[in-house]
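Examination of the molecular architecture
Single-letter residue listing:
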Amino acid sequence: MVKIPFDKIAIMTRLGFLIAFILLIFSYFLTFISTQKVIDQANRVNQTNKIIHGLDITLSYIVHGESSYRGYILTKDSLLLQKHNKYSKLADSSLNALEFKVIENNEQKENLAYLRTLVEEKISWMKKLQSDFSFQESWTPFLKNEIRTGMAMTEKIESQVFKMQNIESEIWKKRGKEVSEYTGLIKIFNTVSIILAILFTLFSLLVYNKENRAKKKESEKALNFRKQLENRIDELADLNKELINLRSLEKYAVTGRIARTIAHEVRNPLTNINLSIEQLRSEIQETETSEMFFKMIQRNSERINNLVSDLLNSTRVTELTFVSANINHVLDESLEMASDRIELKQIKVEKEYDPEICNFSADIQKIKVAFLNIIVNAVEAMDNNGTLILKTFAEKDKCVVQINDTGIGMTTEQLDKIFEPYFTTKDKGNGLGLANTQNIILSHNGNISVESTPGEGTTFTVILDF
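These remarks concern the structure in this document. (Residues numbered from 1 in each chain as written. Predicted model: local features only at pLDDT ≥ 70, side-chain atom pairs only at ≥ 80, totals over all residues. Heavy atoms only, no water.)

A short note on the overall build of the protein chain
Stated formally: Only DSSP runs of H or I with at least four residues qualify as helices, and only runs of E with at least two residues qualify as strands; both kinds are numbered from the N terminus onward. The cut-offs for exposure are 20% and 50% of the maximum accessible area for each residue type, with area from a 1.4 Å probe on protein chains only; residues under the lower value are buried, those over the upper are exposed, and the others partly exposed. When checking whether two residues touch, look at their non-hydrogen atoms; a contact exists if any pair is within 4.5 Å. Using the Shrake-Rupley algorithm and a 1.4 Å probe, accessible areas are obtained, with residue cover drawn only from the displayed protein chains.
The number of helices and strands found in the protein chain is ten helices and seven strands. Within the span of the protein chain, comprising 466 residues, buried residues form 33% of the whole. Within the protein chain, contacts between residues separated by at least 24 positions form 77% of all contacts whose residues are at least 6 apart in sequence. Surface accessibility of the protein chain: about 29,600 Å² in total, with carbon and sulfur atoms responsible for 57%.

Okay, structure coming up:
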């Protein structure tokens, strides 16, 4: 089965809808033209009917006028003569109205002009007959002959009226036939257009549905691939964290071995120095100067011994006494231990504790020391009016503590050495505080990490088991 590209399917869909739309517009346009044509023809047919009706009225006025005139001749009643004059005027008005109605038809204009001539001749004849009849007292052969002449003139008028009506009737039939033919043609065009529009619309819908289903499948594939990729990224992130932890542990172990080697190599000579000093004291006569040198040697020997002891303590896995406690309370107690420093530098403290976080198990005293070292470093890294933020929350069945400051921050090189013994960025400090903190956290099977941006601040993150 040949697969059609999505862009081609989209073009086919749009083309189908466009053709269907054009056909529908064309159908509506033909319908509009047909309607206008029908309305125009209807007006023309109505005009034809008005002309036919007007001719009937005109003929009726003429016939009524002639009847009134005959009655006047028979009875000499002046009222009948008045009626005759009235109908003559009405006939003339009717002819005037017909002139506007036949203005577009030259043939009918000529016929109407001839009809007006016949009517005017008839009226003139009646006036002349009225003048002649006024001097006669009874019917005469002349008068009877004139009456026959008048009847013949009326027949001519009727014949002309019927002729004009027949012409209008033919026009009416012709126009009706044209409208019928035109309407039938438009109906065929409309039917074909609508059928084609429906077919193209159905085609477009089928293509669109096909495209939509294909896109849905591709979207589902993309979504699954994205989820797999996110899972891989999460796995890689977890592996990276484990790798960092392993490196930290390895670095911590190497530092411990070096510390123990140094302690062994340094303490043995120190022991010999101390023994030699004691021996010299017993053999040499004590003077003020000798005593000063003996005390100086002894004091520096003790200092070296203490430094070696601190180094060993910062890298030695110590024994822990685990108890259950609330991490929020432990943080508050560590914070209280540094309250004098915080108040002195007017540091603002913000707490974002999870109130429903479970208890965790740890050596509370040592954990307090670890948190205290971090808090003290944060306070010392900030100027006056800085902000210290403490957060606690649970993540993946782990207890997470974040301590953030708005201090000077650290560079990448400083971050790499942050937990090394004797490394410090402070003027006064031995560089063992954070090393001891790392020792305590690692002894609890926890993890400690640092993120920092120069000029913005530093965030320590401690992760412990519940």
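Moving on from the coordinates now.
Some details on the nonpolar core
Selection criterion: What makes a nonpolar core is a set of buried Ala, Val, Leu, Ile, Met, Phe, Trp, Tyr and Cys residues whose side-chain atoms join them at distances within 4.5 Å.
Core analysis: the biggest nonpolar cluster contains 39 residues, and Ile367, Phe371, Ile375, Leu388, Ile403 and Val462 have the highest contact counts within it. Taken together, the elements giving at least two residues each to this core come down to helix H6 (327-337), strand E3 (360-362), helix H8 (364-380), strand E4 (387-395), strand E5 (398-405), helix H10 (433-443), strand E6 (447-453) and strand E7 (457-465). Top contributing element to this core by residue count: H8, with ten residues. Those residues in contact with valine 462 that sit more than four places away from it in its chain are Phe371, Ile374, Cys399, Val400, Val401, Ile441, Asn447 and Ile448. Counting residues in each nonpolar core, the second largest holds 15 residues, with Leu59, Ile62, Ile157 and Val161 among its members.

A closer look at the packing of H8 against H10
Formally: Whenever a helix is involved, its axis is fitted only over the stretch in contact; in every case the axis is a line through C-alpha atoms, and angles between N-to-C directions fall within 0 to 180 degrees. What makes a crossing left-handed is the near helix being turned counterclockwise from the far one by less than a right angle; a clockwise turn instead makes it right-handed. Only Asp, Glu, Lys and Arg are considered charged in this grouping, and only Ala, Val, Leu, Ile, Met, Phe, Trp, Tyr, Cys and Pro are considered nonpolar; every other residue, Gly among them, is considered polar.
It is at 9 Å that the axes of H8 and H10 come closest, and there the two elements cross at 145 degrees. The handedness of the crossing between H8 and H10 is left-handed. Contact residues: Lys366, Ile367, Val369, Ala370, Asn373, Ile374 and Asn377 in H8; Gly433, Leu434, Asn436, Thr437, Ile440 and Ile441 in H10. Residue classes in the contact of H8 with H10 are distributed as seven nonpolar, five polar and one charged.

Details of unusual backbone geometry
If you check the backbone angles, asparagine 385 has positive phi at about 70 degrees while not being a glycine. Note that asparagine 385 resides in the loop between H8 and E4. Of the residues examined, asparagine 385 reaches a relative accessible area of 56% and is grouped as exposed. Even without a glycine there, the phi angle at asparagine 445 is positive, about 60 degrees.

So, the sheet that holds E5
Short version of the rule: The criterion for strand pairing is that DSSP finds at least two bridges linking the strands in question.
Taken in spatial order, the five strands of this open sheet run E2-E4-E5-E7-E6, and their pairing is mixed. At either margin of the open sheet sits one strand with a lone partner, and together these are strand E2 (348-352) and E6. Ignoring which end each strand starts from, the neighbouring axes of this sheet average 15 degrees apart. Alignment of E4 against E5, held across eight bridges, turns out to be antiparallel. Note that in E5 the partner of leucine 388 across the bridge is aspartate 405. Contacting E4, E5, E6 and E7, H8 crosses the sheet at an angle of about 25 degrees to E5. Those strands touched by H10 are E6 and E7, and its axis lies near 140 degrees from that of E6.

Concerning H6
Keep this limit in mind: To be clear, the arc concerns the directions from the helix axis to the C-beta atoms. Throughout this description, a polar contact denotes any pair of N or O atoms lying within 3.5 Å of each other; where both atoms belong to protein, one of them has to be capable of donating a hydrogen while the other can accept it, and for residues adjacent in sequence the pair is counted only when both atoms sit in side chains.
Regarding H6, the residues found buried are Ile327, Asn328, Val330, Leu331, Ser334 and Leu335. For H6, the buried positions fall inside an angular range of 160 degrees around the axis, keeping them on one side. Those residues of H6 that are exposed and aimed more than 90 degrees away from the buried face are His329 and Glu336. For H6, the N-terminal capping position is held by asparagine 326, with its side-chain oxygen 2.8 Å away from the main-chain nitrogen of asparagine 328.

Observations concerning the side chain of asparagine 328
Along the chain, asparagine 328 turns up in helix H6. Since its relative accessible area comes to 8%, asparagine 328 is described here as buried. In this structure the side chain of asparagine 328 is engaged in a polar contact, spanning 2.8 Å, whose partner is the side chain of threonine 392. In this structure asparagine 328 touches Tyr353, Asp354, Pro355, Ile357 and Thr392, once residues within four positions along its chain are discounted.

Details of empty space enclosed by the protein
Quick note on the threshold: Cavities and pockets were defined on a 1 Å grid built from protein atoms only: a cavity is a group of points that admits a 1.4 Å probe but offers it no way out, a pocket is an open group of points flanked by protein on both sides within 12 Å along at least five of seven lines, and a lining residue is one with an atom within 4 Å of any such point. Grid points are joined across faces, edges and corners, and a volume is the space filled by probe spheres set on the points.
Evaluated as defined, the whole model comprises one cavity of 30 Å³ or more. Taken as a whole, the largest cavity encloses approximately 70 Å³ of empty space. At the level of elements, helix H1 (6-75), helix H2 (78-101) and helix H3 (106-133) are the ones that each hand at least two residues to the lining of the largest cavity. Grouping the amino acids of the lining of the largest cavity by side-chain chemistry returns seven nonpolar, three polar and two charged.

A closer look at the pattern of salt bridges
Two side chains bearing opposite charge may form a pair once their charged atoms approach each other closely. Note the threshold: Salt bridge, as applied in this entry: a Lys or Arg side-chain nitrogen positioned within 4 Å of an Asp or Glu carboxyl oxygen.
As enumerated under the stated definition, the model contains nine salt bridges in all. Residue lysine 368 pairs with glutamate 333 through a salt bridge whose shortest N-O separation is 2.5 Å. With lysine 368 in helix H8 and glutamate 333 in helix H6, the pair connects residues that are 35 residues apart, well separated along the chain. As a salt-bridge pair, aspartate 465 and lysine 398 come within 2.3 Å of each other at their nearest N and O atoms. Note that aspartate 465 is positioned in strand E7 and lysine 398 in strand E5, a separation of 67 residues in sequence. Looking at lysine 398, the relative accessible area reads 30%, which means it is partly exposed.

Concerning the side chain of threonine 458
With respect to the helices and strands, threonine 458 occurs in strand E7. The exposure class of threonine 458 is buried, given its relative accessible area of 5%. Only 2.8 Å separates the side chain of threonine 458 from the side chain of serine 452, close enough to count as a polar contact. Not counting residues within four places of it along the chain, the set of residues in contact with threonine 458 comprises Ile403, Asn404, Asp405, Gly409, Met410, Val450, Glu451 and Ser452.

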